[in-house]
Amino acid sequence: MAVIRYVAIGDSFTEGVGDEQPDGSVRGWADLVAQGLADATGEPIEYANLAIRGRLLAPILAEQLEPAIALGPTLLSFNGGGNDMLRPGTDVPSIISDTEGALRRIQSAGIEPLLLAGANPTAGLPNGSTVSKKGSELTAAAGAVAERLGIRFSNNWSDPELALSQYWSRDRLHLAPVGHHRVAANVLRTLGYDAPADWVLTAEPLAVPTMRDQLQYTREHVLPWIGRRLTGRSSGDGRTAKYAEFVTVAPRR
């Protein structure tokens, strides 16, 4: 049995959307953290990822938390509430209360929890200032919970570099590959490890979007998102976890 057994739960941020691979699968920061842990320790680790895109906090906890605990990890990363934050009437106190309950459940199982705040996408989003205010409130409250419980907290929301447009994919809601690498480096640092030296963690600035770019973005990404909200559909409907059981991640060197 591997010394490090790492399980990740959450939504599209943790699933890895935006870091698409040639075969159509997604990688993302959690996969990169698993590889970084293996490289840093020089030992194979076991890794599972139960995250599914589009999930609100309540389904994450109802569908992923107990199966993750049942795998018997040594480390369990948790991020949720990002999709709740995008909707009107976000109940911040309820999100924080549920988050604290989940973290206490993980601790009671003898597992180390790792809490993450997602990166801040709001500079490129419609009504971004309202979402940004809620995100900052959630992040501050989550940090207070982590401090109170004595757990590690990777605060990607407050990484100013990650708020820049060059770290985001075309939909402006999910990180681009370089953004996922930067989050993974932040997480590894939180855990006490250096990121692999060959990772690219910075990106060149992008040109300011033109009116035509904005119209295309609205047509391709904003309107379909609104359509899903109005019809009660989710981008994660019918999807299952990409790694519901442990896979072995070997060190590259």
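Residues numbered from 1 in each chain as written. Predicted model: local features only at pLDDT ≥ 70, side-chain atom pairs only at ≥ 80, totals over all residues. Heavy atoms only, no water.

### Some thoughts on the sheet that holds strand S6 (residues 243–249)
Note the cut-off: DSSP bridges decide pairing: two strands pair if at least two such bridges lie between them. Secondary structure is summarised from DSSP: a helix means a run of H or I of at least four residues, a strand means a run of E of at least two, and numbering begins at the N terminus for each. Throughout, an axis means a line fitted to C-alpha atoms (over the contacting stretch in the case of helices), and angles, computed between N-to-C directions, take values from 0 to 180 degrees. The contact definition used throughout considers only heavy atoms, calling two residues in contact when any of these lie within 4.5 Å.
The six strands are arranged S5-S4-S3-S1-S2-S6 in an open sheet whose pairing can be described as mixed. Since the sheet does not close on itself, it has two edges, and those belong to strand S5 (152–155) and S6, each with one partner. In this sheet, adjacent strand axes meet at a mean angle of 20° when their direction is disregarded. Looking at chain direction, strand S2 (residues 45–49) and S6 are connected through four bridges and run antiparallel. Directly across from Asn49, in S6, lies its bridge partner Tyr243. Against the sheet, helix H5 (residues 92–108) engages strand S3 (75–78) and strand S4 (112–117), with an angle of about 155° to S4. Its contacts with the sheet place helix H7 (residues 177–191) against S3, S4 and S5, and it is angled at close to 155° to S5.

### Concerning the packing of aromatic side chains
As a reminder of what qualifies: The rule is short: rings of Phe, Tyr and Trp, with Trp giving its six-membered ring, pair when the centres are within 6.5 Å, and they are stacked under 30 degrees, edge-to-face over 60, tilted in between. Buried residues are those whose accessible area, probed at 1.4 Å on protein chains only, stays under 20% of the maximum for their type, while exposed residues exceed 50% and partly exposed ones sit between those limits.
One pass over the full model with this rule turns up three aromatic pairs. Ring geometry for Tyr6 and Tyr47: centres 5.5 Å apart, planes at 25°, overall stacked. Of the two residues, Tyr6 is situated in strand S1 (residues 5–9) and Tyr47 in strand S2; the sequence distance between them amounts to 41 residues. Summarising the aromatic geometry, the rings of Phe13 and Trp29 are spaced 5.5 Å apart at their centres and angled 40° between planes, so their arrangement reads as tilted. Within this pair, whereas Phe13 is found in helix H1 (residues 12–15), its partner Trp29 is found in helix H2 (residues 29–41), the two being separated by 16 residues in sequence. Like Trp29, Phe13 is buried.

### Focus: the nonpolar core
Applicable threshold: What makes a nonpolar core is a set of buried Ala, Val, Leu, Ile, Met, Phe, Trp, Tyr and Cys residues whose side-chain atoms join them at distances within 4.5 Å.
Val7, Ile9, Leu76 and Phe78 are the most contacted members of the largest nonpolar core, which has 35 residues in total. When residues of this core are traced back to their parent elements, those giving at least two are S1, helix H3 (57–70), S3, H5, S4, helix H6 (128–149) and helix H8 (211–231). Excluding residues within four positions of it along the chain, Val7 makes contact with Ala48, Leu50, Ala68, Leu71, Pro73, Leu75, Leu76, Ser77 and Phe246. In terms of nonpolar packing, the next biggest core, distinct from the first, is built from 29 residues, Leu116, Val178, Ala184 and Val187 among them.

### A word on the side chain of His180
Keep this limit in mind: Counting of polar contacts relies on pairs of N or O atoms within 3.5 Å, with two restrictions inside protein: one atom must be capable of donating a hydrogen and the other of accepting it, and residues adjacent in sequence are counted only when both atoms are side-chain atoms.
Considering the arrangement of structural elements, one finds His180 in helix H7. In terms of polar contacts, His180 uses its side chain to reach the backbone carbonyl oxygen of Leu175, at 3.5 Å. The contacts of His180, once residues within four sequence positions are left out, are Phe13, Gly16, Val17, Gly18, Asp19, Gly28, Trp29, Leu32 and Leu175.

### A look at H3
As a reminder of what qualifies: Expected helix span is computed as 1.5 Å times (number of residues minus one).
If you check H3, its first and last C-alpha atoms are 19 Å apart, about what 14 residues at 1.5 Å a residue would give, namely 20 Å. Within H3 the residues assigned to the buried category are Leu57, Ile60, Leu61, Gln64, Leu65, Ala68 and Ile69. Buried residues in H3 make contact with S1, S3, helix H4 (82–85) and H5. Looking one or two places after H3, you find Gly72, whose phi comes out positive at around 75°.

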